[in-house]
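Read off the chains here:
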Amino acid sequence: MAEPEEPHLFRLPRPLRLESGATLPRVEVTYHTYGRLNAARDNVVWVCHALTANADVLSWWPGLFGAGCHFDPADWFIVCANVLGSCYGTTGPLTPDPLTEQVAYDEFPLLTIRDMVAAHEALREHLALTSIHTLIGGSLGGQQAVEWAVQRPELFENLVLLATNARHSAWGIAFNEAQRLAIFADPSYPTATPEGGAAGLRAARALALLSYRSYQAYGQTQTDTDDTKLTDYLASSYQRYQGDKLVNRFNAYSYVTLSRAMDSHHVGRGRGSVKAALDRIRARTLVIGITSDVLFPTSEQQLLARHIRGAMYAEMDSHYGHDGFLIETAQITHFLDRFYVQSYAH
């Protein structure tokens, strides 16, 4: 069995001009690889991660990636790059400017999904990967994947999109803005220190969790059995716990940056329409929706499948809500097995 490699650091060979018109003079990308390229160099799986994840896909997508899983490093060369704007080793709001050594914090330039894809594309060229067997991503990762597949239709053989969309919805933008308002209300956010906005981030995560899970999930796991309670309910402590967990591993400035990038997602921008953009995709495509997802409802995945030629649509019945794309790995594996059998039978 192939062992996961240590993270790698790639520096883009030139400044990165962003979609907003700003320029990042030096960009570094942290990435992981697992397994090895085969002789034909046709066993590449590229993973695009979601909002607060990192490049170590084996740590956050167990059951789908790892020994004995559908994407086993013994069979595949798996690449996962930390997104631009994150706080896990890739250039972001806490990265010192190479010329001044100053940290931008909340003055970091606006990023878009297309900027994230530009960093991925530069890394792909550095790795000399001329074709990718499967490009996969869920949520923000799915937004990156569909944008990249639109930009480079000849590059990808298979495309797997989970709990994502072609354009971020007004509903999703509203959720993100509510979270940012919680962060901005934290008086420590303007102080421009590494810990700035921590209390706001805690509140933002508690709010976000309501869009990631479902009424049923909370009912099953967070309903108190002690009928005499008048305070400190299970659901209350759960929200505080999840907020604390994120504060201990993430950063408010990156959270603001990445949530704004998610809001920018619109494959039809400058391409005529969403339909015209999706029509560019040539990869065999599997789109997976989740019945209980209130953040990315199944109508958004159905739209993707309808306008990507030949796409296969599958729906997971899950009470976990949006987070089902990280949790329901047995169902995802079933759909992937069926997808690959059908794809290569034609």
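See the structure above.
Counting from 1, residues in each chain are numbered in the order their sequence is written. The predicted nature of this model means local features are confined to residues of pLDDT at least 70 and side-chain atom pairs, given and counted, to a pLDDT of 80 or more, with totals for whole chains, interfaces and linings taken over all residues. To get the side-chain values, all heavy atoms of the structure are used, and hydrogens and water are removed first.

S.K.: What exactly am I supposed to notice about the overall build of the protein here?
M.R.: Counting from the N terminus, the helices are the DSSP runs of H or I reaching at least four residues and the strands are the DSSP runs of E reaching at least two. When helices and strands are tallied, the protein shows twelve helices and ten strands. For the radius of gyration, the atom set is restricted to C-alpha positions; the globular benchmark scales as 2.2 Å times the number of residues to the power 0.38. At 20 Å, the protein has a C-alpha radius of gyration in line with the 20 Å of a compact globule built from 346 residues. Referenced to the eigenvectors of the C-alpha coordinate spread, the extents of the protein come out at roughly 60 × 55 × 45 Å. Burial here depends on accessible area, computed with a 1.4 Å probe over protein chains only, as a share of the maximum for the residue type. Under 20% is buried, over 50% is exposed, and the range in between is partly exposed. The buried share of the protein, reckoned over its 346 residues, is 55%. Looking at the protein alone, contacts between residues at least 24 apart form 74% of all its contacts between residues at least 6 apart. In the structure as shown, the protein presents an accessible area of about 14700 Å², 54% of it carried by carbon and sulfur atoms. Here the protein carries 28 positive and 36 negative side-chain charges, and the mean point of each set is 8 Å from the other. Should any heavy atoms of two residues lie within 4.5 Å, those residues are considered in contact. For accessible areas, the Shrake-Rupley method is used with a probe of radius 1.4 Å. Any residue's cover is judged against the shown protein chains and nothing else. Counted as positive: Lys and Arg. Counted as negative: Asp and Glu, with His and the chain ends omitted from the count. Every charge is mapped onto a representative atom, which is NZ of Lys, CZ of Arg, CG of Asp or CD of Glu.

S.K.: Just checking my understanding: could you explain the packing of aromatic side chains for this structure?
M.R.: What characterises a pair of aromatic rings is the spacing of the ring centres plus the angle enclosed by the ring planes. Aromatic pairing here means that ring centres of Phe, Tyr or Trp (its six-membered ring) are within 6.5 Å. Orientation follows from the plane angle: under 30 degrees is stacked, over 60 is edge-to-face, and everything else is tilted. With the rule as written, the count across this model stands at 15 aromatic pairs. Summarising the aromatic geometry, the rings of Phe-71 and Trp-76 are spaced 6.0 Å apart at their centres and angled 70 degrees between planes, so their arrangement reads as edge-to-face. For the pair Phe-71 and Trp-76, a shared accessibility class is recorded, and that class is buried. Put simply, the rings of Trp-60, Trp-61, Phe-65, Phe-71, Trp-76 and Phe-325 touch in pairs and so form one group of aromatic residues.

S.K.: Where do I start with the sheet that holds strand S5 (residues 44-48) in this structure?
M.R.: The pairing of strands in a sheet happens through backbone hydrogen bonds and is either parallel or antiparallel. With respect to topology, eight strands assemble into an open sheet ordered S1-S4-S6-S5-S7-S8-S9-S10, the strand pairing being mixed. Strands with a single pairing partner mark the edges of an open sheet, and in this sheet they are strand S1 (8-11) and strand S10 (312-316). Going across the sheet, the axis of each strand differs from the next one's by a mean of 20 degrees, ignoring polarity. At least two DSSP bridges between two strands are needed for those strands to be called paired. Of the pairings in the sheet, the one linking strand S8 (residues 156-162) to strand S9 (residues 284-290) comprises five bridges and is parallel in character. Across the sheet, Leu-162 pairs through a bridge with Ile-288, a residue of S9. Between N-to-C directions, angles cover 0 to 180 degrees, with each direction set by a line fitted to C-alpha atoms, over the stretch in contact for helices. Packed onto the sheet, helix H10 (residues 298-307) meets S8, S9 and S10 and runs at close to 165 degrees relative to S9.

S.K.: Help me out: how do you make sense of the side chain of His-265 in this one?
M.R.: For His-265, the position within the fold is in the loop between helix H8 (252-263) and helix H9 (274-278). You can call His-265 buried: its relative accessible area is 2%. Any pair of N or O atoms that falls within 3.5 Å is considered a polar contact. Within protein, one atom must be able to donate a hydrogen and the other to accept it, and sequence-neighbouring residues count only if both atoms are side-chain atoms. Polar side-chain contacts of His-265 include one of 2.7 Å to the backbone oxygen of Asn-165. The residues touching His-265, leaving out its near neighbours within four places in the chain, are Ile-113, Gln-143, Val-146, Asn-165, Ala-166, Arg-167 and His-168.

S.K.: Sorry, what's going on with the nonpolar core here?
M.R.: We define the nonpolar core as a collection of buried residues of types Ala, Val, Leu, Ile, Met, Phe, Trp, Tyr and Cys that are connected through side-chain atoms lying within 4.5 Å of one another. Counting residues in hydrophobic clusters, the biggest one holds 73 residues, and the most contacted among them are Trp-46, Tyr-255, Leu-278 and Ile-281. For this core, the element with the highest residue contribution is H8, accounting for seven residues. The next biggest cluster of nonpolar side chains, apart from the first, holds 30 residues, and it includes Tyr-34, Val-45, Phe-65 and Ile-78.

S.K.: When you look at the environment of Gly-272 in this model, what are you seeing that I'm missing?
M.R.: Of note, Gly-272 is situated in the loop between H8 and H9. For the pair formed by Gly-272 and Lys-229, sequence separation is 43 residues and the distance between their alpha carbons is 57 Å.

S.K.: In this structure, what is going on with the pattern of salt bridges? I would like to understand it.
M.R.: Side chains bearing opposite charge may pair, as long as their charged atoms lie close to each other. Salt bridge, as applied in this entry: a Lys or Arg side-chain nitrogen positioned within 4 Å of an Asp or Glu carboxyl oxygen. Following the criterion strictly, the structure yields 16 salt bridges and no others. In this structure, Arg-114 and Glu-19 form a salt bridge, with 3.8 Å as the shortest nitrogen-oxygen distance. Here Arg-114, found in helix H2 (residues 113-126), pairs with Glu-19, found in the loop between strand S2 (16-17) and strand S3 (23-24); they are 95 residues apart in sequence, far enough to count as distant. Classification of Arg-114 by relative accessible area gives buried; the value is 16%. Across the pair Glu-157 and Arg-284 runs a salt bridge whose closest N-O atoms are separated by 2.8 Å.

S.K.: Would you explain helix H4 (residues 170-184) in this entry?
M.R.: An α-helix turns once per 3.6 residues; consequently, residues spaced three or four apart project the same way. If you check H4, its first and last C-alpha atoms are 20 Å apart, about what 15 residues at 1.5 Å a residue would give, namely 21 Å. Those residues of H4 that fall on the buried side of the exposure criterion are Gly-172, Phe-175, Asn-176, Gln-179, Arg-180 and Ile-183. Burial along H4 is one-sided: seen end-on, the buried residues are contained in an arc of 135 degrees. Of the exposed residues in H4, those oriented more than 90 degrees away from the buried face are Ala-170 and Leu-181. Multiplying 1.5 Å by the helix residue count minus one yields the expected span of that helix. Along the arc lie the directions from the helix axis toward the C-beta atoms.

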